Number of protein chains: 2
Amino acid sequence: MVDYETFELGDVQLSTGQTLRDAKLAYKTYGELNADKSNAIVYPTWYSGQHHDNEWLIGQGMALDPSKYFIIVPNMFGNGLSSSPSNTPPPHNSPRFPNVTFQDNVAQQHRLVTEHLGIEKLALVTGWSMGAGQTYQWAVSYPDMVERILPFCGSSKTSEHNIVFLEGVRHAIMTDAAWQEGLYDEQPVKGLRAVGRVYAGWGFSQAFYWQQLYKQDPLDYASLEDFLVGFWEGFFLNKDANNLLAMAWTWQNGDIGQTPGFDGNHEGALASIKAKAFVMPAEKDLYFPPEDEEYAVSHMTNAELRVIPGVWGHFAGGGANPVDIQFIDEALKELLAS
Amino acid sequence: MVDYETFELGDVQLSTGQTLRDAKLAYKTYGELNADKSNAIVYPTWYSGQHHDNEWLIGQGMALDPSKYFIIVPNMFGNGLSSSPSNTPPPHNSPRFPNVTFQDNVAQQHRLVTEHLGIEKLALVTGWSMGAGQTYQWAVSYPDMVERILPFCGSSKTSEHNIVFLEGVRHAIMTDAAWQEGLYDEQPVKGLRAVGRVYAGWGFSQAFYWQQLYKQDPLDYASLEDFLVGFWEGFFLNKDANNLLAMAWTWQNGDIGQTPGFDGNHEGALASIKAKAFVMPAEKDLYFPPEDEEYAVSHMTNAELRVIPGVWGHFAGGGANPVDIQFIDEALKELLAS
């Protein structure tokens, strides 16, 4: 019993020159496609997130209302549901899983949306973090298909600082001898716990910890150590190490300028976006700082910067803080109404 | 042939209830003590730094001019020169080295300055990072002895976010099986390299990497990877893992409120400082953000906040960037002249 569907992609030629054989795209839809097929929204997943982790932004009375919109949540390659190191048969499993870009993810999502679901226009693409990266990619790869985008807490090109932060994440896993260069039979749990502690300082802002918001509703942890174990180690302990490394590769290599036709010209790719855009970094996001998105907006033709205020940092877009959820939801409503 | 002296401390009772037996305090002095003993400056070291790493701020024509001042650089316990896991004989070596606080460090530095060097007044205490923590501690432990302080890129109490950042550092080391719970014969080099990559994102700001300043004078690395290996892995590979863990304990437990008499009252300890203070966080320091020091200054009676501008982040205080060196040096001159 699974709560999602799987689109069989066959053998997929990747932008990296590798082949993803017998590839699967796991997805879930919410609501019904209307008669003129004008109410479709794509809402991709994020680093290690799965479709159900996106559901906090979908609901009756919200912008992403299934009684009005047909919302498609495609699972990113590497997230354990779509083709991933953990679910691909030998020999392409585990550390031999090929490198997949945002371009590859979005090309296959496009096949799902057009070939399989018969949709030619998207009212909106939106997503958090790596989901924002896929959102930008949609607007660049298919400029005439995407009417609106709302990338939040993400970027159109992974910054060097973000690449460096992810080096810490990757090496926390790879330092564990139990990782065995990816050929483990059991998860490298020391490494996964270490990733939790490395990530903890990045996910929320300095001020979030200063104010000890992890002790308050809705998180309600008893102490800092309780939060580090219960939230952060717990977050990564139920993930697959090779999946995390595969998605880190996708993230580190994120760049809409690598879309065919742009030849590395990132600013040209930004300028090519036709969708109306609300670009929403979080005020104190430590790896997607607002100034980076300010730069992106300055190269777009129909984009507005809307900073999510507050101290939750990157997790302002994680769906746990009611104030941030409301702020994002209201922006989505305004964008969809325009 | 060593370029420093060692003060024999004997058996030291630590604030944690443990004993540091046959303890050594390594230090170096620059310049001459004047006749009325009024020109002494204490300038403690930082996380893994040794006295020679402080010398960039000392020199002819600078504020810390050895022709005017008698500058004492005491090496922090755990830094490999003063008593440390790496140089203490069994059974108190390696992972059995006792926990040492800033209070303990400063109490023994005070013995060096008073008992051994015969000094009763300090014109200034200054330091970077954990050196700033020791600077605050001097002003709280010996309020009538310290005339001026200039802590830069540090804090009087280690913030929870900073504690979390250090958890990532600690666990990068401890995840390496070669660490062997501290009982290694050879350094856990995978863990030390991983620490370099974890630390890299914290040491410099997002904007520093965005602008690729690691490629420019004075750093002059050829690429991001060259910087990660050459600077960051190199930085930690010649350190001892247990020393790094011992100093991390000192850092994580930094709090002037734990000074005897204050019973945990951090704000009371700040208010007790009599020294004139210039408090100098760096604008984009990711683990000692300016707002934390703004809070500290608001509880001090004779303190001024002076933010070091620019994008070098924590390493604005590391002595590599000429602009930052000049900014700190000018503030030191102004403070010493007042």
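Predicted model only: the values in this text are computed from it and were never measured.

Points about helix H1 (residues 102-116) of chain B
Residues and elements named next belong to chain B.
Then, in step 1: Taking 1.5 Å of rise per residue, 15 residues should cover 21 Å, and H1 covers 20 Å from first to last C-alpha, within 8% of that figure.
Then, in step 2: Within H1, 11 of the 15 residues are buried, which leaves the element mostly enclosed by the surrounding structure.
Then, in step 3: Taken as a whole, H1 has its buried residues at Phe102, Gln103, Asp104, Asn105, Val106, Gln108, Gln109, His110, Leu112, Val113 and Thr114.
Then, in step 4: Residues of H1 that are buried in the fold lie against strand S1 (5-13), strand S2 (19-30), strand S3 (40-42), strand S4 (70-74), helix H2 (130-141) and helix H7 (241-252).
Then, in step 5: Put simply, Thr101 is the residue that caps the front of H1, since its side-chain oxygen is 3.2 Å from the backbone nitrogen of Gln103.
Then, in step 6: Once H1 finishes, Gly118 follows within two positions and takes phi at roughly 70 degrees, a positive value.

What about the packing of helix H4 (residues 189-203) of chain A against helix H3 (residues 160-174) of chain B?
Then, in step 1: One can describe the packing of H4 of chain A onto H3 of chain B by two numbers: an axis separation of 7 Å at closest approach and a directional angle of 155 degrees. With respect to H3 of chain B, the element H4 of chain A is oriented roughly antiparallel. As for the relative orientation of H4 of chain A and H3 of chain B, their crossing is left-handed in sense. Between H4 of chain A and H3 of chain B, the contacting residues are Lys190, Ala194, Arg197, Val198, Ala200 and Gly201 of chain A on the first element and His161, Val164, Glu167, Gly168, His171 and Met174 of chain B on the second.
Then, in step 2: Residues of the contact of H4 of chain A with H3 of chain B, tallied by class, amount to 5 nonpolar, 4 polar and 3 charged.

Thoughts on the UniProt feature "domain: AB hydrolase-1" (unreviewed entry) in chain A
Then, in step 1: What UniProt calls "domain: AB hydrolase-1" (unreviewed entry) maps, in this numbering, to residues 60-316 of chain A.
Then, in step 2: The span residues 60-316 of chain A is 40% helical and 9% strand by assignment, and the distance between its end C-alpha atoms comes to 21 Å.

Here's the deal with the relation of the copies chain A and chain B
Then, in step 1: Mapping chain A onto chain B leaves a residual RMSD of 0.0 Å; the transformation is a rotation of 180 degrees accompanied by 0.0 Å of translation along its axis. The two molecules are tied by a two-fold rotation axis, judged by turn and shift.
Then, in step 2: Both copies present the same face, since 100% of the interface residues in chain A are matched by interface residues at the equivalent positions in chain B.

Reading the values: rules and limits
- For every chain, the first residue of the written sequence is number 1, and numbering continues from 1 onward in sequence order.
- As they are written, the chains are lettered A onward and the ligands numbered 1 onward, keeping that order.
- In keeping with the predicted nature of the model, local features appear solely for residues at pLDDT of at least 70, side-chain atom pairs appear and are counted solely at 80 or more, and the whole-chain, interface and lining totals rest on all residues.
- Neither water nor hydrogens contribute to the side-chain values; these are computed over all heavy atoms in the structure.
- Numbering of helices and strands runs from the N terminus; a helix is a DSSP stretch of H or I covering at least four residues, while a strand is a stretch of E covering at least two.
- Expected span of a helix, by definition, is 1.5 Å for each gap between consecutive residues, and there is one gap fewer than residues.
- Categorising residues by exposure relies on relative accessible area from a 1.4 Å probe, with only protein chains included: less than 20% of the type maximum marks a residue as buried, more than 50% marks it as exposed, and the intermediate range marks it as partly exposed.
- It only takes one pair of heavy atoms within 4.5 Å for two residues to be counted as in contact.
- Under the rule applied, a polar contact is a pair of N or O atoms within 3.5 Å (in protein, one hydrogen donor and one hydrogen acceptor; residues adjacent in sequence only if both atoms are side-chain atoms).
- To get an axis, a line is fitted to the C-alpha atoms, and for a helix only the part in contact is used. The angle between two axes follows their N-to-C directions and goes from 0 to 180 degrees.
- Any angle from 65 to 115 degrees is called roughly perpendicular, while one under 35 is roughly parallel, one over 145 is roughly antiparallel, and all others are oblique.
- Handedness of a crossing follows from how the near helix is turned relative to the far one, being left-handed for an anticlockwise turn of less than a right angle and right-handed for a clockwise one.
- For this classification, the nonpolar set comprises Ala, Val, Leu, Ile, Met, Phe, Trp, Tyr, Cys and Pro, the charged set comprises Asp, Glu, Lys and Arg, and every other residue, Gly included, is treated as polar.
- UniProt positions are given in the numbering used here, feature names are shortened, and annotations may be inferred rather than shown by experiment.
- Superposition of the copies used a least-squares fit over C-alpha atoms from residues whose pLDDT is at least 70 in both.

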